[in-house]
Amino acid sequence: MLINDEIKTDEVRVLGEDNEALGIMKRRQAQDMADAKNLDLVLIAPQGNPPVCRIMDYGKFRFEQSKREKELRKNQKHVELKEVRMSLNIDTNDFNTKVGSAAKFLKAGDKVKVTIRFKGREMTHPKLGEQLMVKFVEACAEHGTSEKPSKFEGRNLNVILAPRRAAAPTISANSSTSAESKELKNQGGNENNGKGSKTQD
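Residues numbered from 1 in each chain as written. Predicted model: local features only at pLDDT ≥ 70, side-chain atom pairs only at ≥ 80, totals over all residues. Heavy atoms only, no water.

*Asks:* Quick question: what am I supposed to make of unusual backbone geometry here?
*Replies:* In this chain, Asn-49 is followed by Pro-50 through a cis amide linkage whose omega measures 0°. Counting through the fold element by element, Pro-50 comes out in the loop between strand E3 (40-45) and strand E4 (52-56). Positive phi values are uncommon outside glycine, yet Asn-4 reaches one of about 50°. Along the chain, Asn-4 falls in the segment before strand E1 (11-15). At Asn-19, a position not held by glycine, the phi torsion is positive, near 70°. Assignment of secondary structure puts Asn-19 in the loop between E1 and strand E2 (21-26). The partly exposed category is assigned to Asn-19, whose relative accessible area is 44%. (Helix = DSSP H or I, 4+ residues; strand = E, 2+ residues; numbered from the N terminus. Buried < 20%, exposed > 50% of the residue type's maximum accessible area, 1.4 Å probe, protein only.)

Right, here's the structure in full:
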């Protein structure tokens, strides 16, 4: 963003401190107006015809802009990559514990790297690892989905799970019609209940 003498345009459209239009004038005249108020002339729309400048306290403007950017960064969720490791011969209880940990991370908005470590001759049975990984991903399906198919990296079979985005609830026309029909049916039933009925002895 150009300010003061960095602005080389001969003619500019000028806005005041409160964004009020001051008209089109020579850049030098606009600079004199800014100097008289001990403020800066700032080029805010160079593509304008003529370019648009605003008289302001540029230092204060930059400070407030920096403050807003910090606040935005502070409010942004920082996604972390957590890791869950398991062996090929993991037992049921440990498997469920690992699934619980992954689900907890995913619900918190973090990604999860799932790693199955192959030891010794287990590398001769890659299909068993792939089946275990599929089982694990399916167990976590409520909270996350795999970004890519699992793949081997050395003796490790890995997959990255990403959190599911919450889907907005939808109401279909059919469900609405069904609800209306049910209401009408109930009303009809109430009317019939008001009429006398014959009973057999």
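*Asks:* Teacher, can you tell me more about the sheet that holds E1 here?
*Replies:* Remark on secondary structure: sheet strands pair via backbone hydrogen bonds, oriented parallel or antiparallel. Read from one edge to the other, the open sheet built from 4 strands follows the order E2-E1-E4-E3, with strand pairing classed as mixed. Each edge of the open sheet is held by one strand with a lone partner, namely E2 and E3. Neighbour-to-neighbour, the strand axes of this sheet turn through a mean angle of 35°, independent of strand direction. Against the sheet, helix H1 (residues 27-36) touches E1, E2, E3 and E4, its axis set at about 130° to E2. (Pairing = 2+ DSSP bridges. Axes fitted to C-alpha atoms, helices over the stretch in contact; angles between N-to-C directions. Contact = heavy atoms within 4.5 Å.)

*Asks:* Help me understand the packing of aromatic side chains, please; the structure alone is not making it clear to me.
*Replies:* Within a pair of aromatic rings, the relevant descriptors are the distance that separates the centres and the angle that separates the planes. Applying the stated criterion across every chain, the model contains 3 aromatic pairs. Taken together, a centroid distance of 5.3 Å and an interplanar angle of 55° make the contact between Phe-118 and Phe-152 tilted. One end of the pair, Phe-118, is in the loop between strand E6 (111-117) and helix H4 (126-139); the other, Phe-152, is in strand E8 (residues 151-153), and 34 residues separate them in sequence. Assessed through its relative accessible area of 29%, Phe-152 is described here as partly exposed. (Phe/Tyr/Trp six-rings, centres within 6.5 Å; stacked < 30°, edge-to-face > 60°.)

*Asks:* What is the right way to read the nonpolar core from this model?
*Replies:* Core analysis: the largest hydrophobic core is formed by 20 residues, its most contacted members being Met-86, Val-114, Ile-116, Phe-136 and Leu-161. Breaking this core down by element, the ones donating at least two residues are strand E5 (81-87), helix H3 (92-107), E6, H4 and strand E9 (156-163). If you look at the next biggest cluster of nonpolar residues, it comprises 11 residues, including Ile-7, Leu-41, Leu-43 and Cys-53. (Core = buried A, V, L, I, M, F, W, Y, C linked by side-chain atoms within 4.5 Å.)

*Asks:* Mind showing me how you'd approach the confidence of the model for the protein here?
*Replies:* When pLDDT is low, close inspection of the predicted coordinates is not appropriate. Summing up the model confidence of the protein, the mean pLDDT is 83 and the portion of residues at 70 or higher is 81%. The low-confidence segment residues 167-201, where pLDDT is below 50, has 0 contacts with residues more than four positions distant or belonging to other chains. (pLDDT = per-residue confidence, 0-100.)

*Asks:* I tried to follow the pairing of E5 on my own but got confused; where do I start?
*Replies:* Regular strands place side chains that alternate from one sheet face to the opposite one. Strand direction decides the pairing type here: E5 and E6, joined by 7 bridges, are parallel. Bridging from a neighbouring strand, Lys-82 pairs with Val-112 of E6. After leaving E5, the chain enters H3 and then returns to the sheet as E6, a path that is right-handed. (Right-handed = clockwise from strand over helix to strand, strands pointing away.)

*Asks:* I tried to follow H1 on my own but got confused; where do I start?
*Replies:* Note on helix geometry: an α-helix contains 3.6 residues per turn, so any two residues three or four positions apart are oriented the same way. All buried positions along H1 are accounted for by Arg-27, Ala-30, Gln-31 and Ala-34. When H1 is viewed along its axis, its buried side chains cluster within an angular range of 100° and face the same direction. Each element contacted by the buried residues of H1 is listed here: E1, E2, E3 and E4. Among the residues trailing H1, Asn-38 stands out with phi positive, at a value near 60°. (Arc of directions from axis to C-beta.)

*Asks:* Where do I start with the pattern of salt bridges in this structure?
*Replies:* A side chain of one charge can pair with a side chain of the opposite charge if their charged atoms are brought near each other. The tally for this structure, following the rule as stated, stands at 9 salt bridges. Where Glu-17 meets Lys-37, a salt bridge forms, and the shortest distance between an N and an O atom there is 3.9 Å. Linking Glu-17 in the loop between E1 and E2 with Lys-37 in the loop between H1 and E3, this pair joins segments that are 20 residues apart in sequence. We classify Glu-17 as partly exposed; its relative accessible area is 38%. Take Lys-37: its relative accessible area is 48%, and that puts it in the partly exposed class. Between Glu-80 and Lys-82 there is a salt bridge whose closest N-O contact spans 3.0 Å. Taking the relative accessible area as the measure of exposure, Glu-80 reaches 37% and is therefore partly exposed. We classify Lys-82 as partly exposed; its relative accessible area is 24%. (Salt bridge = Lys/Arg side-chain N within 4 Å of Asp/Glu carboxyl O.)

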